[in-house]
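These are the residues of each chain, in order.
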Amino acid sequence: MKKILLVIPAYNEEDNILNTYNFIKEYNKKSKQKYDVIVINDGSKDNTKKILEDNNIPHINLVHNLGIGGAVQTGYKYAYYNDYDIAVQFDGDGQHDVNYVENIINPILEDKADFVIGSRFIDKEKEGFKSSASRRVGIKIISSFIKFATRKKVFDTTSGFRAVNKDIIYDFYLSYPSEYPEPITTSELLRKNYRLKEVSVMMKERVGGVSSIRAWKNVYYMLNVCLAIIMIKFRRYKKCQRI
Amino acid sequence: MSKNLIITLIFASLFIFILASRYLRKGRIPEKYALLWYLFAFIILIVSLFPNILSFLARTLGFQLVSNMIIVLLIGILFLLVMALTIMIAGQKKKTTLLIQEVSILKNEINNLKEKEK
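Thresholds applied
- Residues numbered from 1 in each chain as written.
- Chains lettered and ligands numbered in written order.
- Predicted model: local features only at pLDDT ≥ 70, side-chain atom pairs only at ≥ 80, totals over all residues.
- Helix = DSSP H or I, 4+ residues; strand = E, 2+ residues; numbered from the N terminus.
- Expected span 1.5 Å × (residues − 1).
- Buried ≥ 20, exposed ≤ 12 C-beta atoms within 10 Å, placed from the backbone.
- Contact = placed C-beta atoms within 7 Å.
- Axes fitted to C-alpha atoms, helices over the stretch in contact; angles between N-to-C directions.
- Parallel < 35°, antiparallel > 145°, perpendicular 65-115°, else oblique.
- Left-handed = near helix turned anticlockwise from the far one by under 90°.
- Nonpolar A, V, L, I, M, F, W, Y, C, P; charged D, E, K, R; others polar.
- Core = buried A, V, L, I, M, F, W, Y, C linked by C-beta atoms within 7 Å.
- Arc of directions from axis to C-beta.

Trainee: Residues and numbers for helix H4 (residues 66-117) of chain B, please.
Mentor: Taking 1.5 Å as the rise per residue, H4 of chain B with 52 residues should run 76 Å; its terminal C-alpha atoms sit 76 Å apart, in good agreement. Here H4 of chain B lies mainly on the outside; five of its 52 residues are buried. Within the span of H4 of chain B, buried status applies to Thr97, Ile100, Gln101, Ser104 and Ile105 of chain B. Contact partners of the buried residues in H4 of chain B: strand S3 (59-61) and helix H3 (68-81) of chain A.

Right, here's the structure in full:
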């Protein structure tokens, strides 16, 4: 049986984190494949820490706030130190559904992909939360930049629901961008010749808390991400070795 | 170059020298940065003692006034300095991130061990 870890970054998620964890616990009771959980508490200022401790949820309290990139990388480091085969990034705000984790890790288990993105846009028929119109435009622009840099089409470029195999856990252990990690790491992994698969998932609208991408920062966010992806095109990368 | 400007420059050079020495004595800046400031002070001293160097440079570089050239050069040097500092800060940030992550993971492991002992 493969060792699978769900990395859940949490910043001020007192409203959702317990529900998220209970859903996973319920799932583990029914399922043959168990998922371990590690919540990375990124210096929350609310009761997140207390909730994590009172309910015995496995967690790491960062001694200082690092931002989303640093927090998620802590999870990948934990996965590396504890010899996990697959690490799944999972949001603590109730957007992601634990039942889809199976779909996301399957391509890795079957060795058809090295990393898998849970995509909101790949299956047009499917219902569910597809982000606001302006966000979707942004995601499309980033998608065309990634196409330019890597010659590969990625639909949901900012999805925080994704799984990576052991090689990439090590890659992320070594380096992980501190800001805008999703589109940047996707481009970098594609440039390193890792195999990507996008799998359709349904997301719910977030129940509480605030998204890490705030509206007034959107233009600035886009400029930064696009610049980063252009740089990735002109950087040299060591290609991954597959036997 | 007017006599007054020369005197101002000599004082500026002395000021930089004294400032750098004070910080160095208190151990607040490492020697390699102090050396940079000393070099800076030295160059200002030289050009104020031999102002011909400056007027020659200004003529060859196409500046109408020596003072214009000094200002442009200073802005250029400060710009490079800020760039260097930005790079340094990015490096520092990487190191603190690494430390925060490793310390937090270690704390988690220690807590787990403590729980097991109970």
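The rest of the description comes next.
Trainee: Describe the packing of helix H5 (residues 133-150) of chain A against helix H7 (residues 181-191) of chain A, naming the residues involved and giving the relevant values.
Mentor: All names here are of chain A. Two elements in contact, H5 and H7, have axes separated by 10 Å at closest approach and are oriented at 20°. Taken together, the axes of H5 and H7 lie roughly parallel to each other. Relative to H7, the crossing made by H5 is right-handed. Facing Ile142, Ile146, Ala149 and Thr150 of H5, the residues of H7 in contact are Pro183, Thr186, Ser187, Leu190 and Arg191. When grouped by side-chain class, the residues that make up the contact of H5 with H7 number five nonpolar, three polar and one charged.

Trainee: Give me the nonpolar core: which residues, what numbers.
Mentor: Residues and elements named next belong to chain A. With 56 residues, the main nonpolar core has Val7, Ala87 and Val88 as its most contacted residues. Those residues in contact with Ala87 that sit more than four places away from it in its chain are Leu5, Val7, Gly75, Tyr76, Ala79, Val164 and Ile169. Judged by nonpolar contacts, the second largest core, of eleven residues, contains Ile142, Ile184, Ile229 and Ile232.

Trainee: Outline helix H8 (residues 218-234) of chain A, listing residues and values.
Mentor: Residues and elements named next belong to chain A. End to end, H8 covers 25 Å across 17 residues, agreeing with the expected 24 Å (1.5 Å per residue, within 8%). Within H8, burial applies to Val225, Ile229 and Ile232. Seen along its axis, H8 keeps its buried residues to an arc of 50°; they face one direction. Exposed residues lying more than 90 degrees from the buried face of H8 are Val219, Tyr220, Leu223, Leu227, Met231 and Phe234. If you follow the buried residues of H8, they end up packed against H5 and H7.

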